[in-house]
Amino acid sequence: PPQKRYLIGGNWKANGTLAQTAGIVKILNQGGAIPLEAEVVIAPPAHLLGYVKDNLRPDVAVSAQNSALTTKPGAFTGELPAVLLKDFGLNWVIVGHSERREGFGGPGETDDVVATKTKVAVDAGLHVMACVGEKLEQREAGKTTEVVLSQLNAIASKLAREDWSKVVIAYEPVWAIGTGKVATPEQAQEVHESIRAFVKEKVGAQQAALLRIIYGGSVKGSSAPGLILKPDIDGFLVGGASLTSDFVTIIRAVK
Ligand code: PEP
């Protein structure tokens, strides 16, 4: 396979009855060959990680949707330490999804929490999809680059240069997540380009060139082909469509 494969992540969020899960696993297992150019990672909710790992085709990886700040197992009720995910045989986690940053009525995760979780997960041996993205009012105020780069800067500040081989940045404009309003290829490319330029400047040219920057926000089989043509779009993080057979169409779009 080429040196840098596209990454297609499927984020099921808090969805998945046992019956629905069996159905999606079947769709993926019977979905035909995965293009050599693509690496596919599915993130089911925590209670389904074992089931999906045991039942999903082995060429699709399984990811957690979040992991804990703690570096060690212990008295952290309800938390998922990255070291335990790794021990369980998982190699991926999503960190800093906008829904977690928002907080579900609670305080939510700050840039600093997201950055620390990223570092803790990388140190545990996991690959991380670290999410960044602006809200609608921030975009309308012309602050998209500022917001995204300050989220990215928090993450970059905690990582050593060698950690970047384990990190994928998911650009997910909040106004596009779950809304059906996908960013245009030009809108996404503009932000992806500034993310790569930032990493080149702050970390190094090689890390920037190898970094996978994936787009998330209402990606569908119909919008994926246009987005993937852009030079700095290295794959997708897919929410809603990852619960349907449209996800297979998205995977095929990277060929
Ligand atoms: C997501 O949850 O990361 C996401 C991009 O969701 P959706 O594809 O449904 O917008």
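Analysis parameters
Residues numbered from 1 in each chain as written. Predicted model: local features only at pLDDT ≥ 70, side-chain atom pairs only at ≥ 80, totals over all residues. Near = placed C-beta within 6 Å. Nonpolar A, V, L, I, M, F, W, Y, C, P; charged D, E, K, R; others polar. Buried ≥ 20, exposed ≤ 12 C-beta atoms within 10 Å, placed from the backbone. Helix = DSSP H or I, 4+ residues; strand = E, 2+ residues; numbered from the N terminus. Expected span 1.5 Å × (residues − 1). Contact = placed C-beta atoms within 7 Å. Arc of directions from axis to C-beta. Axes fitted to C-alpha atoms, helices over the stretch in contact; angles between N-to-C directions. Parallel < 35°, antiparallel > 145°, perpendicular 65-115°, else oblique. Left-handed = near helix turned anticlockwise from the far one by under 90°.

Caption draft 1: Structural view of the site of the ligand. I177, G216, S218, G239 and G240 are the nearest of the 14 residues found near the ligand. Of the residues in the shell around the ligand, the class split is five nonpolar, seven polar and two charged.

Caption draft 2: Main features of unusual backbone geometry. Unusually for a residue other than glycine, K13 sits at a positive phi of about 55°. Residue K13 is classed as partly exposed on the basis of its 17 C-beta neighbours within 10 Å.

Caption draft 3: Region of interest: helix α5 (residues 111-123). If you check α5, its first and last C-alpha atoms are 18 Å apart, about what 13 residues at 1.5 Å a residue would give, namely 18 Å. Along α5, the residues that are buried comprise V114, A115, K117, T118, K119, V120, A121 and V122. On the buried face of α5, the contacting elements are α3 (82-87), β4 (92-95), α4 (98-102), β5 (127-132), α7 (144-158) and β6 (167-171). Where α5 terminates, the next one or two residues include G125, which has phi positive at roughly 100°.

Caption draft 4: A look at helix α1 (residues 18-29). Taking 1.5 Å per residue as the helical rise, α1 with its twelve residues ought to reach 16 Å, and the 16 Å between its terminal C-alpha atoms agrees with that figure. Restricting attention to buried positions, one finds in α1 the residues T21, I24, V25 and L28. Buried residues of α1 fall within an arc of 100° about the axis and therefore sit on the same side. Opposite the packed face of α1, turned more than 90 degrees from it, sit the exposed residues A19 and K26. Where α1 is buried, its residues touch α2 (49-55) and β3 (60-64).

Caption draft 5: Focus on the packing of α7 against helix α8 (residues 185-202). Relative orientation of the contacting elements α7 and α8 amounts to 40°, with a least axis distance of 10 Å. Looking at the two axes, α7 sits oblique to α8. Here α7 runs over α8; the crossing is right-handed. Contacts between α7 and α8 involve T144, T145, V148, L149, L152 and A156 from the former and V191, S194, I195, F198 and K202 from the latter. Here the contact of α7 with α8 is built from residues that sort into seven nonpolar, three polar and one charged.

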